[in-house]
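Commentary on secondary and tertiary structure
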Amino acid sequence: MSSMIKGAVVSASLTLAASSAMAQENVMVVFDGSNSMWGQIDGTAKIEIARDVMETLLGDWTDDRAVGLMAYGHRRRGDCGDIETLVQPGAGSRAEILDKVRKVKPTGKTPLTAAVERAARDLSYTDQPATVVLISDGLESCDRDPCALARTLEQGGVRFTAHVVGFGLGADQDDTSLACIAEETGGTYIQASNADELKAAMSSVSTAVAAAAPEPEPEPAAEPEPEPQPALPEVAVTGPGTAVGGSMVEVTWDPTIDEDDYITIVPMGADEGVFGPYQAVRSGVTVGLDAPAREGIYEIRYVHRDGNVTQGRDTLEITPPEVALDGPDKVLTGAEFALSWTPTINPRDYVTIVPAGAEPGSYLSYVAVRGNSEATLTAPPEPGLYELRYVLNVDQVTVASRSIEVAEPEVTLNVPERALAGAKFPVGWTGTINGKDYITIVPQGTKEGEYGNYFVVRDKTEHELQAPAETGLYEVRYVLREGGKTMASAPIEIAEGEVTVSAPDTATAGAKFEVSWTGTVNGNDYIAIVPQGTKEGEYGNYFVVRDKTEHELQAPAETGLYEVRYVLREGGKTLASTPIEIVEGEVTVSAPDTAAAGAKFPVSWTGTVNANDYIGIVPQGTKEGEYGNYFVVRGKTDHELQAPAETGLYEVRYVLREGGKTLASTPIEIVAPEVTVSAPETALAGAAIPVSWTGTVAAGDYMAIVPAGADEGEFGNYITVRDKAEAELRAPAVTGLYEVRYILREGSRTLATAMIEIVEPEVTVSGPDQVRATDKLRVTWTGTVDRGDYVALAPIGSADDDSSNYFTVRDNAEHDMTAPPAAGLYELRYILREGGRVLARKPVEVLAEDAALNTGATLSAPETAAAGSKIEVSWESDSDSADRRITVAAPDQAIFTWIEAVKIAGAPPVEIALPDGAGAYELRLLDVSNKAVLARRMITVE
């Protein structure tokens, strides 16, 4: 195989050896079959030009190189997965590639990136040198990045190269992405705009692909003897000991001297510098190598790149491979058949069918074995005696074969004697050979391999075929996909259809008019209107006939003599026509003499031509085809039109949808409206501001507040005026001078303003200095700005917008909230809803849940005590409340509930009983009269 170079003497470096290998790398030609290839250059379709110059690309170098053909966009419309390998890479494939290219029928999209990627994989680009030649007339249309793929292939491949020919690209198409594929992979990019340039480009790429390895560099001048280098370490190489010929063997080594060193397999005793299958060690410690196909004793060698010196070796015995190959004794020409084999020697081996006694290395249809033990092959188109062969990827050695007879099938065709040009007619057949075969219609006597309209037979026995547009004697052929051989044919006469078309003598320009016809040939044919004498194949407005016999056709905008044509979809041939005169419509349009800028004003009109026509307003003297505000006339005779924002002289136009032609117009003056705005002189930042206005122009206008002197068109907080004369507007959060503006929705033009100063609110927020984690705390505040403002408790130093623990102030002045579970320094913040500004702060220390928390008092008690026991509790307090109590409660119990309580009647201490259950409890000194907590402390009950 081309990835293995045996018996060659390596020159002074592995790089030169690799260059020699490069000349034998496999090649895949990727051919553009997208619909745009039907485009013409100098009157000839691009697909035809490309077919004609393919021979220039496929030079003598194809004789001893494995060359394949891939196409994309040639089978289905709109399918980014439409990529097919038409010719598998192999030697001597030039004739087959030229034949397949001639049969490519441009159809769909341009998935060129995916095609190059698949071609690289088919060439095993990560295991051996590979070249892709891309021929494309367009850019990627399936959302892939060709540049990114090219970089990936270059980095991951063993000398991957892509040459790109851009053919007939539009002047507005940026070919950077095509050029990038070549630049990233060291290939050639050439752009061709006509047949001669394409031929020259193909020749240049052919030369680049065929180029031999570079000549060795001349011997350098003698240099002083270098200093002796330290001795290189011996490398321990470990292989499997024995392997089947052609199989993949795993080799390990230790240590790695240099990442550019390589592992190779050579016959035992081969001269130093000789190498066979090889892999660079890179940064790994294991590689897989294809074992030689011939049995014998070999060596696995670790070769240092500097001087190609062997630093380690291991013996490998190659035993002959044995494969059992099974398949049918007899198959039909072109049919798919199943075969199996056991075992698989190497996933890159293949099974092929060849004529009996064919030379080694020959192949026709073939399949790579990969990880399978069975597959299907397609029988050749010619009957005779053949062989199935299991062929090693290494050295193309056949290790198993069996005879198979390919017999002529019996296929019949059933078609009508006569069909109408352009119509679909039924075809029946028997003896389907392969579901990929096809049935086509061609003129009688057409050469084998040419085809016209066709369909693939799949699993059917009958289908409809599209008759050509030209009358005459034809034949329907059943054609074998494999080899394009005709297996059966039947004659048919294609006759002219009898079609009539009727239309009125006159129609109004831009209006729809009735057309009727008889003798429909194909539902996809169409009725079109064109100026009298228009060339065949050109058309203007049209509709598809489908299953109807009458329909409305859109008249053109320009008056004059026209004809209505019944046109065959197949070939664009006119089968019937009738003359019609297109005349000017009588239309009037009326509007008031003046209207306020930005306001809606009434418009009326007569003589509607088409419901899709429109009425627009433009400055006087505006060019035909330009428009400003407009509405579609539909089935009305009057409607409101939006006046522009700028004052001046305008005209209202009735414009034909067809062609944008003005049929009537009337002048109008747009005048400035009288609008006033009122607002208070000052307002608090973030508060609601009452504003009022007079002279509303349009309900969609809006009131906005912006910094004084802000540019036209800028706005901050705003409201839509609708049908009101007053409303509330939200003041911004930042203090300063502002203006309230009445802004026209049309054009965002300011019609009136009022100045206002936004001042700082006076807000306070209060709460306890300390609170225990998860306890309730009471928060109070003054100077509420907006009921949507909120109070938050956040860690000191956190962002001002930290509102993880907050409540909305609404109409209150105090509120309870829960302290966070984590102890630390926090602050209460009064935050303006508008802009999230903090207007007031109060620090709060959050203590641990079991921390003592005293308010003008202290409690003294043991830290632990036995369950159910009694303890003495003392206190100090400035309170002289008449109802003070010592209580025992669970930590999460409400403050003024308890498990046990003792009322203070005299001096401390008092005795109080503890709960029977073990756990953490809280002792509390409560002022019940004033609902206050004077002191608290934790106690553990054991």
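No experiment lies behind these values; they were computed from the predicted model shown.

Now for the overall build of the protein chain. Helix and strand counts for the protein chain stand at 7 helices and 74 strands. Computed over its C-alpha atoms, the radius of gyration of the protein chain comes to 46 Å, more than 25% above the 30 Å expected for a compact globule of 942 residues. Taken along its principal axes, the extent of the C-alpha atoms in the protein chain is 125 × 100 × 70 Å. Residues classed as buried in the protein chain amount to 47% of the 942 residues present. For the protein chain, long-range pairs separated by at least 24 residues make up 67% of all intrachain contacts whose partners lie at least 6 apart in sequence. Accessible surface for the protein chain amounts to roughly 44,200 Å². Of this, 46% is attributable to carbon and sulfur atoms. Averaged over its 76 positive side-chain charges, the protein chain has a centre that lies 5 Å from the centre of its 142 negative ones.

Our focus in this paragraph is helix α5 (residues 146–156). In an α-helix, one turn spans 3.6 residues; hence positions three or four apart end up facing the same way. Listed in full, the buried residues belonging to α5 are P146, C147, L149, A150 and L153. On an axial view of α5, the arc spanned by its buried residues comes to 160°, and they lie on one face. In the core, the buried residues of α5 are packed alongside α4 (112–122), β8 (160–167) and α6 (176–185). Of the residues flanking the start of α5, the one acting as N-cap is D145, its side-chain oxygen 3.0 Å from the backbone nitrogen of C147.

A few words now on the state of the cysteines. Structurally, a disulfide amounts to a covalent bond that connects the sulfur atoms of two cysteines. Overall, the coordinates contain 2 disulfides when judged by the stated rule. Between the sulfur of C80 and that of C142 lies a disulfide, 2.1 Å long from S to S. Disulfide C80-C142: torsion about the S-S bond near -90°, hence left-handed. Note that C80 is positioned in the loop between β5 (67–72) and β6 (83–90) and C142 in the loop between β7 (130–136) and α5, a separation of 62 residues in sequence.

What follows covers the confidence of the model for the protein chain. In the predicted model, the protein chain carries a mean pLDDT of 88, and 95% of its residues have values of at least 70. Low pLDDT, under 50, characterises residues 1–23; the predicted model gives this stretch 56 contacts beyond four residues in sequence or across chains. Confidence over residues 212–219 falls short of pLDDT 50; this stretch has 7 contacts with residues more than four positions distant or in other chains.

A separate point is the packing of α5 against α6. When two helices pack together, you describe them by how their axes are tilted relative to each other and by the distance separating the axes. In contact at an axis separation of 8 Å, α5 and α6 are set at 15° when each is read in the N-to-C sense. In terms of orientation, α5 lies roughly parallel with respect to α6. Handedness of the α5/α6 crossing: right-handed. Facing α5, whose interface residues are P146, C147, A150, R151 and E154, α6 presents S177, C180, I181, E184 and T185. Split into classes, the residues belonging to the contact of α5 with α6 amount to 5 nonpolar, 2 polar and 3 charged.

All chains considered together, the criterion is met by 41 salt bridges. The residue R144 makes a salt bridge to E117 at a minimum N-O spacing of 3.2 Å. Linking R144 in the loop between β7 and α5 with E117 in helix α4, this pair joins segments that are 27 residues apart in sequence. By relative accessible area, which is 34% here, R144 ends up partly exposed. Exposure remark for E117: the relative accessible area of 23% places this residue in the partly exposed category. Linked through salt bridges whose partners overlap, the residues forming this network are R75, R76, D79, D82 and E84.

Spatially, 3 strands are ordered β67-β69-β72 in an open sheet, and the strand pairing comes out antiparallel. The open sheet has two free edges, formed respectively by β67 (857–860) and β72 (910–913), since each of these has just one partner strand. Mean inter-strand twist for the sheet, computed between neighbouring axes without regard to direction, equals 35°. Relative to strand β69 (residues 870–877), β67 runs antiparallel, the two being bridged by 4 bridges. Looking across to β69, one finds that A857 is bridged to S877.

Bringing the side chain of D701 into the picture now. Looking at where D701 falls in the secondary structure, it is placed in the loop between β53 (688–694) and β54 (702–707). We note that D701 is buried and unpaired, the nearest opposite charge coming from R745 at a distance of 5.9 Å. In this structure the side chain of D701 is engaged in a polar contact, spanning 2.9 Å, whose partner is the backbone nitrogen of A698. Discounting residues that sit within four places of it in the chain, D701 has contacts with I719, T720, V721, Y742, I743, L744 and R745.

With that settled, the discussion passes to the side chain of R565. Along the chain, the position of R565 falls in strand β41 (residues 560–567). A polar contact of 3.4 Å, which involves the side chain of R565, links it to the side chain of E563. Setting aside residues no more than four positions away along its own chain, R565 makes contact with Y526, I527, A528, V530, G533, T534, K535, E536, E538, T574, A576 and S577.

In this section: the environment of N434. Here N434 shows up in the loop between β29 (424–430) and β30 (438–443). Overall, the relative accessible area of 6% leaves N434 in the buried class. Between the C-alpha atom of N434 and that of Y189, which follows or precedes it by 245 residues, the distance is 40 Å. Those residues in contact with N434 that sit more than four places away from it in its chain are G334, A335, E336, T378, V457 and Y478.

Let's shift gears to the sheet that holds strand β45 (residues 600–606). On the basis of which strands lie adjacent, the open sheet formed by 3 strands has the order β43-β45-β48 and antiparallel pairing. Each having just a single partner strand, β43 (588–590) and β48 (638–642) make up the two edges of the open sheet. With direction set aside, neighbouring strand axes in the sheet form an average angle of 30°. In this structure, β45 lies alongside β48, joined through 5 bridges in antiparallel fashion. Counted as the bridge partner of V603 is H639 from β48.

What counts, and at which threshold
- Residues numbered from 1 in each chain as written.
- Predicted model: local features only at pLDDT ≥ 70, side-chain atom pairs only at ≥ 80, totals over all residues.
- Heavy atoms only, no water.
- Helix = DSSP H or I, 4+ residues; strand = E, 2+ residues; numbered from the N terminus.
- Rg over C-alpha atoms; globule rule 2.2 N^0.38 Å.
- Buried < 20%, exposed > 50% of the residue type's maximum accessible area, 1.4 Å probe, protein only.
- Contact = heavy atoms within 4.5 Å.
- Areas by Shrake-Rupley, 256 points an atom, 1.4 Å probe, with all protein chains shown as cover.
- Lys, Arg positive; Asp, Glu negative; His and termini not counted.
- Charge placed at Lys NZ, Arg CZ, Asp CG, Glu CD.
- Arc of directions from axis to C-beta.
- Polar contact = N/O pair within 3.5 Å; in protein donor to acceptor, adjacent residues only side chain to side chain.
- Disulfide = S-S within 2.5 Å.
- pLDDT = per-residue confidence, 0-100.
- Axes fitted to C-alpha atoms, helices over the stretch in contact; angles between N-to-C directions.
- Parallel < 35°, antiparallel > 145°, perpendicular 65-115°, else oblique.
- Left-handed = near helix turned anticlockwise from the far one by under 90°.
- Nonpolar A, V, L, I, M, F, W, Y, C, P; charged D, E, K, R; others polar.
- Salt bridge = Lys/Arg side-chain N within 4 Å of Asp/Glu carboxyl O.
- Pairing = 2+ DSSP bridges.

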